[in-house]
Amino acid sequence: MRLSRYFMPTLKEDPKEAQIVSHRLMLRAGMIQQSSAGIYSWLPLGHRVLKKIEQVVREEQNKAGAHEILMPTIQPAELWQESGRYDDYGKEMLRITDRHDRGMLYGPTNEEQVTDIFRSHVRSYKDLPLNLYHIQWKFRDEVRPRFGVMRGREFLMKDAYSFDMDYEGAKVAYNRMFVAYLKTYARLGLQAIPLRAETGPIGGDLSHEFIVLADTGESEVFYHKDILNLATPVDGEQTPEELQAIVDEWTSYYAAADDMHDADNCDVAEGDLISRRGIEVGHIFHFGDKYSAPFGATVAGPDGKDVTVSMGSYGIGVSRLAGGIIEASHDENGIIWPEEVAPFKVGLINLKTGDADCDTACDEFYAKLQAADVEVLYDDTSDRAGGKFAKMDLIGLPWQVTIGPRGLKSGVVEFKNRATGAKEEISPEEALNRLVG
Ligand code: P5A
């Protein structure tokens, strides 16, 4: 992409409304624009990041055997009356009336909708286990939308729903999602801590939150320091026993949110207990028959008798993650994207646009990167060099290649690693080799 043709409305000054670094940097990098409180448009750079996060989440859900569907944002009130949550949800639910005076709502979550799909089609234990997920916008009329996309009113969530014959099966589904989450966050360059959690309005008796450490996080967490040294589970199909062993290992260390932490009865040695703030980037629930019972979601078991299915739901805050990753990965100059979610892999800076040799060298380098399918943002504008460097650091692409008249004379380009700041002078061929593949 040529920057001269791109829509990336960066800001030089810090926007006044932004209280935390991710919100400030997302606005400054031209990733998002507020539409109303807690509701945002995603501009090209932000949209690329959002799609990349979504794709990582999708790949790990698919690997875990979940099937992607797409349910609507607008749901009929009847479904929520059937589960009894229509009244419970209160003001957080955005209620709408259609032209026939039918009660509708903008979905804050999809337990009811997916249970309705299930009961319409699944009849036999032979069709289980089943896990259906979608990546869809949600609306919750939060009392205090704040911190940009971190606590929005409209936000993108991945929500998966599992259906099993009994608790044993549901526990395997739960563990499989737990392990998929650990892999997902690791691919996103994040270190996530699972915490035993309250189930709140989703309900159920078993629940974990996944927390990413960041000073601006909304929850205080207490954890055993060694939890940060655990290895991410490896890829591959795991047996129920292997899944359980991984979950047991990760939950054997102490980790609790402040509302679950009891300082007087916590037996972690003082030097081992760490307290930090964190961002909730995922939340998983086992709730058994809370929705399947009122919905009559049953299957015929091997003996022909009907069994009410045991369910769980599993959420990841996809749009929140865009902010969460920035909270975890930035410096005083801007964002530092992990490669998996970077909007482009490399920024190409033409130090002297208008200089015939520089333009030719940059255009050729750009063409070669494109031919090799390397995502590149090419600053071909006539801005001054200082401005170009500052902008590239701000938007945080993992690699920067700078081509200028002086380097060209000695046959080198400058190759910079955004994360470490390390700069090397190497030949254009060597730079290409490092970026391709
Ligand atoms: C699990 C999936 C649920 O809604 N039902 C379907 C269950 N869980 S949850 O904890 O309420 O939300 C899941 C994740 O969504 C993100 N999230 C938000 N992101 C941005 N703005 C918000 N207002 C918001 N609310 C929830 C969080 O990452 C949460 O873990």
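Everything below is about the structure printed above this text.
Throughout this document, residue positions are counted from 1 along each chain, in the order its sequence is written. In keeping with the predicted nature of the model, local features appear solely for residues at pLDDT of at least 70, side-chain atom pairs appear and are counted solely at 80 or more, and the whole-chain, interface and lining totals rest on all residues. Excluded from the side-chain calculation are hydrogens and water; included are all heavy atoms of the structure.

Sorry, what's going on with the overall build of the chain here?
Scanning the chain from terminus to terminus reveals 13 helices and 23 strands. Based on C-alpha atoms, the radius of gyration is set beside the globule rule, defined as 2.2 Å times the residue count to the power 0.38. In summary, the chain has a C-alpha radius of gyration of 24 Å against a globular reference of 22 Å for 437 residues, a match within 12%. When its C-alpha atoms are laid out on the principal axes, the chain stretches across 80 × 60 × 45 Å. Expressed as a percentage of the 437 residues in the chain, the buried residues total 53%. In the chain, the proportion of contacts linking residues at least 24 apart, taken out of those at least 6 apart, comes to 71%. The method behind every accessible area is Shrake-Rupley, applied with a 1.4 Å probe, and residues are considered shielded solely by the protein chains displayed. In the form shown here, the chain has an accessible surface area of approximately 19,700 Å², with 47% of it arising from carbon and sulfur atoms. Of the side-chain charges in the chain, 49 are positive and 70 negative, and the distance between the mean point of each set is 6 Å. Here a helix means four or more residues in a row that DSSP labels H or I, a strand means two or more in a row labelled E, and each is numbered from the N terminus. Three exposure classes are used, based on accessible area relative to the maximum for each residue type with a 1.4 Å probe and protein chains only: buried under 20%, partly exposed in between, and exposed over 50%. Note on contacts: a residue pair qualifies if any of its non-hydrogen atoms lie within 4.5 Å across the two residues. All tallies of charge rest on Lys and Arg as positive and Asp and Glu as negative; His and the ends of each chain are not included. Where a charge lies is defined by one atom per residue type, namely NZ (Lys), CZ (Arg), CG (Asp) and CD (Glu).

So what exactly am I meant to see when it comes to the packing of helix α10 (residues 356-371) against helix α13 (residues 428-435) here?
When two helices pack together, their arrangement is given by the angle between the helix axes and by the axis-to-axis distance. Here, axes are lines fitted to C-alpha atoms. For helices the fit covers the stretch in contact, and angles between N-to-C directions go from 0 to 180 degrees. Look at α10 against α13: their axes get within 11 Å of each other, and the N-to-C directions meet at 25°. The angle between α10 and α13 places the two elements in the roughly parallel class. Here α10 runs over α13; the crossing is right-handed. The segment α10 lies against α13, with Phe365, Lys368 and Leu369 engaging Pro428, Ala431, Leu432 and Leu435. Should an angle lie under 35 degrees it is considered roughly parallel, over 145 roughly antiparallel, and from 65 to 115 roughly perpendicular; all remaining angles are considered oblique. Definitions for this section: a left-handed crossing has its near helix turned counterclockwise from the far helix by less than a right angle. A right-handed crossing has that turn clockwise.

Honestly, the pairing of strand β23 (residues 423-426) in this entry has me stumped. Any pointers?
Within a regular strand, the side chains alternate between the two sheet faces. Strand pairing is assigned whenever DSSP detects at least two bridges linking the two strands. Taken together, the 4 bridges between strand β22 (residues 413-417) and β23 define a ladder with antiparallel strand orientation. Residue Val413 lies in a different strand from β23, and its bridge partner there is Ile426. Between β22 and β23, which follow one another and run antiparallel, lie 5 residues, and Gly421 among them has a positive phi close to 80°.

What is the right way to read the sheet that holds strand β5 (residues 94-97) from this model?
By definition, the strands of a sheet pair up through backbone hydrogen bonds, in either a parallel or an antiparallel sense. Within the open sheet, the 3 strands sit side by side as β4-β6-β5. Their pairing is antiparallel. At either margin of the open sheet sits one strand with a lone partner, and together these are β4 (74-76) and β5. Sheet twist, expressed as the average angle between the axes of neighbouring strands with direction ignored, equals 35°. The pairing of β5 with strand β6 (residues 103-106) spans 4 bridges and is classified as antiparallel. Residue pairing in the sheet places Leu94 in a bridge with Tyr106 of β6.

Any chance you could explain the pattern of salt bridges here in plain terms?
Note on pairing: side chains with opposite charge can pair once their charged atoms come close. By convention in these notes, a salt bridge is any Lys or Arg side-chain nitrogen within 4 Å of a carboxyl oxygen on Asp or Glu. Within this structure, the stated rule accounts for 35 salt bridges. Glu54 is the partner of Arg58 in a salt bridge, and the nearest nitrogen-oxygen pair spans 3.0 Å. Pair noted here: Arg58 and Glu54 are both in helix α2 (residues 44-63), with a separation of 4 residues, about one helical turn. Residue Arg58 is classed as buried on the basis of its relative accessible area of 18%. The shortest N-O distance in the salt bridge between Arg187 and Glu60 comes to 2.8 Å. Here Arg187 is found in helix α6 (residues 167-187), whereas its partner Glu60 is found in helix α2, with 127 residues between them in sequence.

Quick question: what am I supposed to make of the sheet that holds strand β21 (residues 399-403) here?
The mixed open sheet is built from 5 strands, whose spatial order is β20-β19-β21-β22-β23. Of all the strands in the sheet, just β20 (376-379) and β23 have a single pairing partner and so form its edges. Taking the axes of each pair of neighbouring strands and ignoring which way they run, one obtains an average angle of 20° across the sheet. Bridge count between β21 and β22: 4 bridges; the pairing is antiparallel. From the neighbouring strand, Trp399 faces β22, where its bridge partner is Asn417.

What is the right way to look at the site of the ligand in this model?
Think of it this way: one heavy atom of a residue within 4 Å of a molecule or strand is enough to make that residue near it. Around the ligand, the surrounding shell holds 23 residues, and the nearest of these are Thr109, Glu111, Arg140, Gly152 and Glu280. Under the rule applied, a polar contact is a pair of N or O atoms within 3.5 Å (in protein, one hydrogen donor and one hydrogen acceptor; residues adjacent in sequence only if both atoms are side-chain atoms). Take Thr109: an N or O atom from its side chain is 2.9 Å from a nitrogen atom of the ligand. In this structure, His283 approaches the ligand through a side-chain N or O atom, which is 3.2 Å from an oxygen atom. Contact with the protein chains hides 95% of the accessible area of the ligand, taken as 600 Å² for the molecule alone. Among the elements that line the shell around the ligand, the one with the most residues is strand β13 (residues 273-288), at 5 residues.

Explanation requested: the environment of Asp380 in the structure shown.
With respect to the helices and strands, the residue Asp380 is situated in the loop between β20 and α11 (385-395). Considered as a pair, Asp380 and Leu348 are 32 residues apart in the sequence and their alpha carbons are 8.3 Å apart. Separated by 3.2 Å, the side chains of Asp380 and Arg2 make a polar contact. At a separation of 2.8 Å, a polar atom in the side chain of Asp380 contacts the side chain of Ser4.

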